[in-house]
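Structure assessment
Spelled out from the first residue to the last, the chains are:
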Amino acid sequence: MLLCGRGIVWAVGVIALVCGMPRPVGAGTASQEMDSVETKEQVLREVSQMSTGNLGTICMSEPFYRFAWAPLQVSRFDSARQKADLLVRILRDLDDLSDTSLVERMVQGLLASDGRISAARVLLRETASSAPGRMRLVLTHRLVSPYTPTEPTPQVVTTTPKASVVSSKPWYIGESETSRNATRFQKHNISGSIGWWTFPYFQCKSRRWLLSYAVPILTQTTSNRGRRTTMRDVGMLSVDVDVTSLDINQCDRKSDKATPDSQISYFHGTHKCDRNSSVCVFSPGHGWVQGGYKCKCKTEYFPKDKTFNGSLVEVAWEGKQVKNPTYEMLYVCRSCPKDCPNCTSDKPCVAHYNWPFRIALLTISSLCMVFTFVLMGMVYHYRSVKVFRLASPTFLCICLIGCAIMYLEMAAIFPKLDMYSCVATKWTRHLGFCVTFSSLLMKTWRVSLTYRVTSAHKIKLTDKQLLQWLTPILLIVLVYLGAWTLSATPGTDVITDYGGLKFKQCTYDWWDHSLAMGEVLFLMWGVKVCFSVRKAESFFDEAKYISWAVYNIAVVNIVMVSFHLLILPKAGPDIKYLLGFLRTQLSTSTTVLLIFGPKFYRIVQGTGDQYDNRARAKGVTASFSLNGLGVMNDEPADLSQENEELKEELRRLLTI
């Protein structure tokens, strides 16, 4: 019971001694305090002041060094630590440490064995009763020569300093266990280590940042009876490494990358870049000072000035704390205009869309498309009138369907272009052209075939036969457009206009070029067919109007391609929309006007069932053209109507 009571009293005494120990200012009382942003900021300011020579009274009085309570990654110095541990183990096994020359050679060898070590020392405590408390210090360090690469040979010096002088050194380890755990040493759990690393400290004499590794030299002592073995502290060994070349990294820690050994990671996250609009980019080579970084604006932000040096940002940040507007004015990135992620100023980089103007053009095109459906109804209503019946109402309706599809292109290119609008543009443009142009060309081709026949035999080419020729053409175009959409879906490219403003237009690749070449050849063949029937005579001059429509389509497309590629290659989106509108109106609306205008004019005049004077002079019926060649449609001939026509012709001949 007595033993237990003494143990409790001893434990309470140790706890009281540890709790009552004074701690250096700035060291913190817990790891949470050391890792707090306020603590890091305070340490960073002190470190930067010492590194830049703003020492004040720091180096005017003892101790001539100052700790920076910033833990360092000491794994980079493992080789120096291992050699120091090895030498301590050797010294522990020596029976007699009074041989100064042997210790000097060991210390000198330790310094020479590792280039990272800038100084090495062994402190031995005299154990003789004649000199209690006396110390012997064996020291050697590197001398930096101004004439590189020459380096003077390190000298070993042995002195007998006073205990009060030695105990004030940053690398000193006292005899008591508590002093070895003083706050000047970092708390690292390094496997195999028998010593401690100090926090980095600034040495006033050399103006360098150093880090010391200290190891106690403990020897075993056995009592006279050999029953009890105690550990006796006979001294210590320490080595210094120069860490002045390290760089403080204030940028945010990257989760996917480890901090390099050349950087001090303790100050991660203390940069002063505006976190909403910019990111911190580390700049090596600044050393132990604040501002070793640059602020780079994030995507969709731009800098007001090109200079975003971290040291200037730090100064402006200090002014911000006293309501100085410099930081907000110069070092906060500004938001880019809408849709300008890589802007360099607040000027817009995207072309402006004049929506009222575009809506007006789309409205006109929509009315034209509605008008084509009205025309289809009127064609069906007047299908029995000669001016429509002889012009094949089926092909007239097919032509109007193609015109309606081409009008739809204006709706496809109306919004800001994307993949879906580009697909719709390709389909409406090419399919509408194919349907309209093919229906016109089939009728002209029928006239061409009958016109070239020199015999009196009547050629019968019905609408059904022409549809059999038209169907494969439409199928080829549909298959081509479907394969194009599925295999290489049309997308958009970003281009710029004459003012450098960006906008999107549909991509053009070999699918476009191949189809365009096919349409050019088809158009050339249509022009050739129309030219071959220029002297052919047909009812109501329909062949002539179709030829004019084909010529117009060819000329309009050539002119508009020239505008797009040669005259206005960098026109803005509204100009391009206007060019598309003009192309649609000049080709499609003109075609509708040429094909259907004369017919409805006759309906209005009441002459839709009457032939013109040339037909009357030739004395033909509804079953024959002016060349004596039949142009038949699918409907059977109206015999009663032909009888009336024959009677009318007989009366006219009798009156002559």
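Residues numbered from 1 in each chain as written. Predicted model: local features only at pLDDT ≥ 70, side-chain atom pairs only at ≥ 80, totals over all residues. Heavy atoms only, no water.

A tally of regular secondary structure across the protein gives 19 helices and 16 strands. Among the 656 residues that make up the protein, the fraction classed as buried is 43%. Taking all contacts inside the protein whose residues are at least 6 apart in sequence as the whole, residues at least 24 apart take part in 66%. Within the structure as shown, the protein displays about 35800 Å² of accessible surface, and the carbon and sulfur contribution to it stands at 60%. (Helix = DSSP H or I, 4+ residues; strand = E, 2+ residues; numbered from the N terminus. Buried < 20%, exposed > 50% of the residue type's maximum accessible area, 1.4 Å probe, protein only. Contact = heavy atoms within 4.5 Å. Areas by Shrake-Rupley, 256 points an atom, 1.4 Å probe, with all protein chains shown as cover.)

Attention now moves to the pattern of salt bridges. Evaluated as defined, the whole model comprises 14 salt bridges. Close ionic contact of Asp 242 with Arg 208 constitutes a salt bridge, the shortest N to O distance being 2.9 Å. You can see Asp 242 sitting in strand 8 (residues 229-242) and its partner Arg 208 sitting in strand 7 (residues 208-222), a full 34 residues away along the chain. For Arg 208, a relative accessible area of 35% gives the class partly exposed. (Salt bridge = Lys/Arg side-chain N within 4 Å of Asp/Glu carboxyl O.)

Here the structure, examined in full by the defined rule, presents six disulfides. Paired through a disulfide, Cys 273 and Cys 295 show a sulfur-sulfur distance of 2.0 Å. Residues Cys 273 and Cys 295 are joined by a disulfide whose S-S torsion is about -90°; by sign, that bridge is left-handed. In this pair, Cys 273 is assigned in the loop between strand 10 (263-264) and strand 11 (278-282) and Cys 295 in strand 12 (residues 293-297), connecting sequence segments 22 residues apart. Residue Cys 273 is classed as buried on the basis of its relative accessible area, which comes to 4%. The exposure class of Cys 295 is buried, given its relative accessible area of 8%. (Disulfide = S-S within 2.5 Å.)

A few words on the layout of surface pockets. Computed from the structure, the largest pocket encloses a volume of approximately 1400 Å³. As for the largest pocket, its lining consists of 47 residues, of which Arg 429, Tyr 508, Val 561, His 564 and Arg 583 are closest to the centre. Broken down by secondary-structure element, the contributors of at least two residues to the lining of the largest pocket are helix 12 (393-412), helix 13 (419-452), strand 15 (492-496), strand 16 (502-506), helix 15 (510-532), helix 16 (542-567) and helix 17 (573-605). Ranked by residue count, the leading element in the lining of the largest pocket is helix 15, at nine residues. Looking at the lining of the largest pocket residue by residue, the classes come out as 26 nonpolar, twelve polar and nine charged. (1 Å grid on protein atoms, 1.4 Å probe; cavity = no way out; pocket = protein on both sides within 12 Å on 5 of 7 lines; lining within 4 Å. Points joined across faces, edges and corners; volume = space filled by probe spheres on them. Nonpolar A, V, L, I, M, F, W, Y, C, P; charged D, E, K, R; others polar.)

Among the nine residues that make up strand 2 (residues 117-125), nine are buried, leaving the element largely enclosed by the rest of the structure. When strand 2 meets strand 3 (residues 135-141), the two strands line up antiparallel, connected through seven bridges. The residue of strand 3 that forms the bridge with Ala 120 is Thr 140. (Pairing = 2+ DSSP bridges.)

All right, on to a negative patch on the surface then. A cluster of like negative charges, contributed by Asp 93, Asp 95, Asp 96 and Asp 99, occupies part of the molecular surface. Following the sequence through the fold, Asp 96 ends up in the loop between helix 4 (78-93) and helix 5 (100-113). A residue is classified by how much of its surface remains accessible, and Asp 96, at 49% relative accessible area, is partly exposed. (Patch = residues over 30% accessible without salt bridge, like charges linked within 9 Å, V, L, I, M, F, W, Y side chains within 5 Å. Lys, Arg positive; Asp, Glu negative; His and termini not counted. Charge placed at Lys NZ, Arg CZ, Asp CG, Glu CD.)

Another point: the side chain of Asp 233. By the element assignment, Asp 233 lies in strand 8. Within the structure, the side chain of Asp 233 is placed 3.1 Å from the backbone nitrogen of Gly 235, a separation counted as a polar contact. (Polar contact = N/O pair within 3.5 Å; in protein donor to acceptor, adjacent residues only side chain to side chain.)

Turning next to helix 14 (residues 463-487). Over its 25 residues, helix 14 extends 36 Å from the first C-alpha to the last, a length consistent with the 36 Å expected when each residue adds 1.5 Å. Restricting attention to buried positions, one finds in helix 14 the residues Asp 463, Leu 466, Leu 470, Val 477, Leu 481, Gly 482 and Trp 484. (Expected span 1.5 Å × (residues − 1).)

Moving on, we get to the pairing of strand 3. Extensive coverage of strand 3 is indicated by the burial of five of its seven residues. By the bridge criterion, four bridges tie strand 3 to strand 4 (residues 156-159) in an arrangement that is antiparallel. Across the sheet, the residue bridging to Leu 137 is Thr 159, located in strand 4.

The subject of this paragraph is the packing of aromatic side chains. Under the criterion given, the structure shown has 27 aromatic pairs. Seen from their ring centres, Phe 437 and Phe 522 are 5.2 Å apart, and the 75° between their planes marks the pair as edge-to-face. With Phe 437 in helix 13 and Phe 522 in helix 15, this residue pair connects regions lying 85 residues apart in the sequence. Pair check on accessibility: Phe 437 and Phe 522 agree, each one buried. Between Tyr 480 and Trp 511, the aromatic rings sit 5.3 Å apart at their centres with planes inclined by 65°, giving edge-to-face as the arrangement. Taken together, the positions of Tyr 480 in helix 14 and Trp 511 in helix 15 put the pair 31 residues apart, joining distant regions of the chain. Look at Tyr 480 and you get partly exposed, because its relative accessible area is 22%. Under the relative-accessibility criterion, Trp 511 is labelled buried at 11%. Here a set of aromatic residues connected by ring pairs shows up, and it is made of Tyr 65, Phe 67, Trp 69, Phe 199 and Tyr 201. The lysine or arginine in question, Arg 358, covers the ring of Phe 414, its NZ or CZ lying 6.0 Å from the ring centre. Cation over ring: Lys 544 sits above Tyr 545, and NZ or CZ is 5.3 Å from the ring centre. (Phe/Tyr/Trp six-rings, centres within 6.5 Å; stacked < 30°, edge-to-face > 60°. Lys NZ or Arg CZ within 6 Å of the ring centre and 35° of its normal.)

Two elements in contact, helix 10 (residues 355-381) and helix 12, have axes whose closest approach is 9 Å; the angle formed by their N-to-C orientations is 165°. Viewed along their axes, helix 10 and helix 12 adopt a mutual orientation that is roughly antiparallel. Where helix 10 crosses over helix 12, the handedness of that crossing is left-handed. Between helix 10, through Leu 362, Ser 365, Cys 368, Met 369, Thr 372, Phe 373, Leu 375, Met 376 and Val 379, and helix 12, the contact on the second element is made entirely by Pro 393, Leu 396, Cys 397, Leu 400, Ile 401, Cys 403, Ala 404, Tyr 407, Leu 408, Met 410 and Ala 411. Per-class residue counts for the contact of helix 10 with helix 12 are 18 nonpolar, two polar and no charged. (Axes fitted to C-alpha atoms, helices over the stretch in contact; angles between N-to-C directions. Parallel < 35°, antiparallel > 145°, perpendicular 65-115°, else oblique. Left-handed = near helix turned anticlockwise from the far one by under 90°.)

Glancing now at helix 5. Taking 1.5 Å per residue as the helical rise, helix 5 with its 14 residues ought to reach 20 Å, and the 20 Å between its terminal C-alpha atoms agrees with that figure. By the burial criterion, the buried members of helix 5 are Val 103, Met 106, Val 107, Leu 110 and Leu 111. Projected onto a plane normal to the axis of helix 5, the buried residues spread over an arc of 135° and lie on a single side. Exposed residues lying more than 90 degrees from the buried face of helix 5 are Arg 105 and Ala 112. (Arc of directions from axis to C-beta.)

Time to look at a nonpolar patch on the surface. Taken together, the side chains of Val 561, Leu 565, Leu 566 and Ile 567 present a nonpolar region at the surface, about 430 Å² in accessible area. Following the sequence through the fold, Val 561 ends up in helix 16.

Another aspect to go through is the side chain of Glu 409. Residue placement: Glu 409 occurs in helix 12. Judged by relative accessible area, Glu 409 falls into the buried class, the value being 2%.

Right, let's talk about the environment of Leu 441 for a bit. Take Leu 441: it is sitting in helix 13. The exposure class assigned to Leu 441 is buried, which follows from its relative accessible area of 0%. C-alpha separation for the pair Leu 441 and Leu 470, spaced 29 residues apart in sequence, amounts to 9.5 Å. Here Leu 441 is in contact with Phe 522, Trp 525, Gly 526 and Val 529, once residues within four sequence places are set aside.

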